[in-house]
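Listed here are the chains, written in short residue letters.
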Amino acid sequence: MEENNITENEITNENVNFETRINLAPLLEHVTAIKKEIETVIVGQHKMIDQLLVAVLSNGHVLLEGVPGVAKTITAKLLAKAINIDFSRIQFTPDLMPSDILGTSVFNLKSSEFEFKKGPIFSNLILIDEINRAPAKTQAALFEVMEERQITIDGTAYQLDTPFLVIATQNPIEQEGTYRLPEAQLDRFLFKIAIDYPKLNEEILIIQREHLLENHGKLEAIKAVLSASEIKQYQALVKQIRVEPNLLEYIARIVVNTRENAFLYLGASPRASIAILNAAKGFAAIRGRDFVTPEDIKDAAIPVLQHRVIVSPEREMEGITSSEIIKQIIETVEIPR
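Residues numbered from 1 in each chain as written. Predicted model: local features only at pLDDT ≥ 70, side-chain atom pairs only at ≥ 80, totals over all residues. Heavy atoms only, no water.

A. Structural detail: the sheet that holds strand 1 (residues 61-65). Read from one edge of the open sheet, five strands run 3-6-9-1-10, paired in parallel fashion. The two strands at the open ends of the sheet, each matched to only one other strand, are strand 3 (87-91) and strand 10 (189-194). If you compare each strand with its neighbour and ignore which way they point, the axes differ by 15° on average. Here strand 6 (residues 125-129) pairs with strand 9 (residues 165-170) via four bridges, running parallel. Within strand 9, the residue paired with Leu127 across the bridge is Ile167. Helix-sheet contacts for helix 2 (residues 46-58) involve strand 1, strand 9 and strand 10, and the interaxial angle to strand 10 is about 175°. (Pairing = 2+ DSSP bridges. Helix = DSSP H or I, 4+ residues; strand = E, 2+ residues; numbered from the N terminus. Axes fitted to C-alpha atoms, helices over the stretch in contact; angles between N-to-C directions. Contact = heavy atoms within 4.5 Å.)

B. Just the nonpolar core, in detail. Within the largest apolar cluster, 73 residues are counted, with the highest numbers of intra-cluster contacts made by Leu79, Ile167, Phe191, Ile297 and Leu305. At nine residues, helix 10 (residues 270-286) tops the list of elements feeding residues into this core. Sequence-distant contacts of Ile297, that is, excluding residues within four places in its chain, are made with Leu247, Tyr250, Ile251, Ile254, Ile276, Ala280 and Val292. One finds Leu63, Phe92, Leu181 and Phe189 within the second-largest nonpolar core, a separate group that totals 25 residues. (Core = buried A, V, L, I, M, F, W, Y, C linked by side-chain atoms within 4.5 Å. Buried < 20%, exposed > 50% of the residue type's maximum accessible area, 1.4 Å probe, protein only.)

C. Seen up close, helix 10. An ideal rise of 1.5 Å per residue puts 24 Å on 17 residues; helix 10 measures up with 25 Å between its terminal C-alpha atoms. Across the 17 residues of helix 10, 13 count as buried, placing the element largely inside the fold. Trailing helix 10 by a residue or two, Gly288 shows a phi angle of about 80°, which is positive. (Expected span 1.5 Å × (residues − 1).)

D. A look at the packing of helix 1 (residues 25-38) against helix 3 (residues 72-82). At a minimum axis distance of 10 Å, the contact between helix 1 and helix 3 shows a crossing angle of 135°. Relative to helix 3, helix 1 is oriented oblique. Crossing handedness for the pair helix 1 and helix 3: right-handed. Facing helix 1, whose interface residues are Ile34, Glu37 and Ile38, helix 3 presents Leu78, Leu79 and Ala82. Split by residue class, the contact of helix 1 with helix 3 holds five nonpolar, no polar and one charged. (Parallel < 35°, antiparallel > 145°, perpendicular 65-115°, else oblique. Left-handed = near helix turned anticlockwise from the far one by under 90°. Nonpolar A, V, L, I, M, F, W, Y, C, P; charged D, E, K, R; others polar.)

E. Quick look at the side chain of Ser323. Note that Ser323 resides in helix 13 (residues 322-332). A distance of 3.2 Å separates polar atoms of two side chains, one belonging to Ser323 and the other to Thr321. Once you skip the residues sitting within four places of it in the chain, Ser323 turns out to touch Ile302 and Gln306. (Polar contact = N/O pair within 3.5 Å; in protein donor to acceptor, adjacent residues only side chain to side chain.)

F. Representation of the packing of helix 9 (residues 245-260) against helix 10. One way to put it is that helix 9 packs onto helix 10 with a least axis distance of 10 Å and a crossing angle of 140°. By the angle between their axes, helix 9 is oblique relative to helix 10. Every pair of crossing elements has a handedness; the one defined by helix 9 and helix 10 is right-handed. Listed contacts from helix 10 to Leu248, Ile251, Val255 and Arg259 of helix 9 are Pro270, Ala272, Ser273, Ile276 and Leu277. Of the residues assigned to the contact of helix 9 with helix 10, the class counts are seven nonpolar, one polar and one charged.

G. Spatial organisation of the pattern of salt bridges. Following the criterion strictly, the structure yields 15 salt bridges and no others. With a shortest N-O distance of 3.2 Å, Arg180 and Glu183 are connected by a salt bridge. The exposure class assigned to Arg180 is exposed, which follows from its relative accessible area of 69%. Exposure remark for Glu183: the relative accessible area of 28% places this residue in the partly exposed category. Measuring nitrogen to oxygen at the nearest pair gives 3.8 Å for the salt bridge that ties Arg242 to Glu244. What you see here is one network of salt bridges that share partners, running through Glu147, Asp187, Arg271 and Arg308. (Salt bridge = Lys/Arg side-chain N within 4 Å of Asp/Glu carboxyl O.)

H. Up close: helix 2. With 13 residues, helix 2 ought to run about 18 Å at 1.5 Å a step, and its terminal C-alpha atoms sit 18 Å apart, in line with that. Across the 13 residues of helix 2, ten count as buried, placing the element largely inside the fold. Every buried residue belonging to helix 2 is among Met48, Ile49, Gln51, Leu52, Leu53, Val54, Ala55, Val56, Leu57 and Ser58, and all of these are buried. Directly beyond the C-terminal end of helix 2, a positive phi value near 60° is found at Asn59.

I. Focus on the environment of Gln235. Along the chain, Gln235 turns up in helix 8 (residues 228-239). If we ignore the near neighbours within four places in the chain, the residues touching Gln235 are Val56, Leu57, Asn59 and Pro163.

J. Highlighting the packing of aromatic side chains. Within the structure shown, the criterion is met by four aromatic pairs. For the ring pair Phe122 and Tyr158, a centre distance of 6.5 Å and an interplane angle of 85° mean the geometry is edge-to-face. In this pair, Phe122 sits in the loop between strand 5 (113-118) and strand 6 while Tyr158 sits in strand 8 (residues 156-159), placing the two residues 36 residues apart along the sequence. Here Tyr158 falls in the partly exposed class, since its relative accessible area comes to 22%. (Phe/Tyr/Trp six-rings, centres within 6.5 Å; stacked < 30°, edge-to-face > 60°.)

Shown next as structure tokens:
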């Protein structure tokens, strides 16, 4: 054996090079840069930031749930500013009408014709604040636009520019004057992200940063590091990430288990299986891999499934949540070898 050969005991991470079929280096550079910009304002919440980036790469919508003051709205604004795309904010209220979101036809006296005036939904990133404040009629106006990226007004279909991402917020505590989101609409969100209170050390850092700001705005120093064309390019790249057949079966087994679980009144649909697949690819991409692992699927499963299933009334009265049941399902489904 030649002297320069490496024995089995000498194999380390330094001398083993894993070459990827897809060049993910530019994507990883942009992901790191976006995280750096967002984390100049947001303290902690690393999992939430990763999930938002995965949603962007997977071309999926996000529902942010948390009590007031945990940076739901400002996070969406930061993401929009770090990415050089159009941004609209819509505050949902009980008197909001579908035309206030989608737009309406207005009669032009000069041309004697009706002209369509686009609503705030015609943008790239839409922040919908307190989405559960609007009635069912207004909620239904979002069905077509969230699924098909188009709206139909007076028989005419209007395509929205890509990328198109909806980030909606809701407060899980204050339910007075709110309307429960229809299951069909919840199913159109890729992720539901629950935001918790910060830890003590994070709370201290938040106060310190606010004190040092003085008269400066939080968003002033944020730089745009990614363009709309680059997002579309990366979304296409993520679609090419490899998934082994046994991992596709793993996803299916998890979703089918939600339909057979005695603790759940309603299981997840095939749309959830596709959502887990796309999100798992996104997690693999931001981790620098061109292939999906079981860990990527596990990380995608809870935010994808927790808003798509309904806990049985008996278990809900016991205080058991959908995320806890999904964790149990993931633990019971055998991991492919």
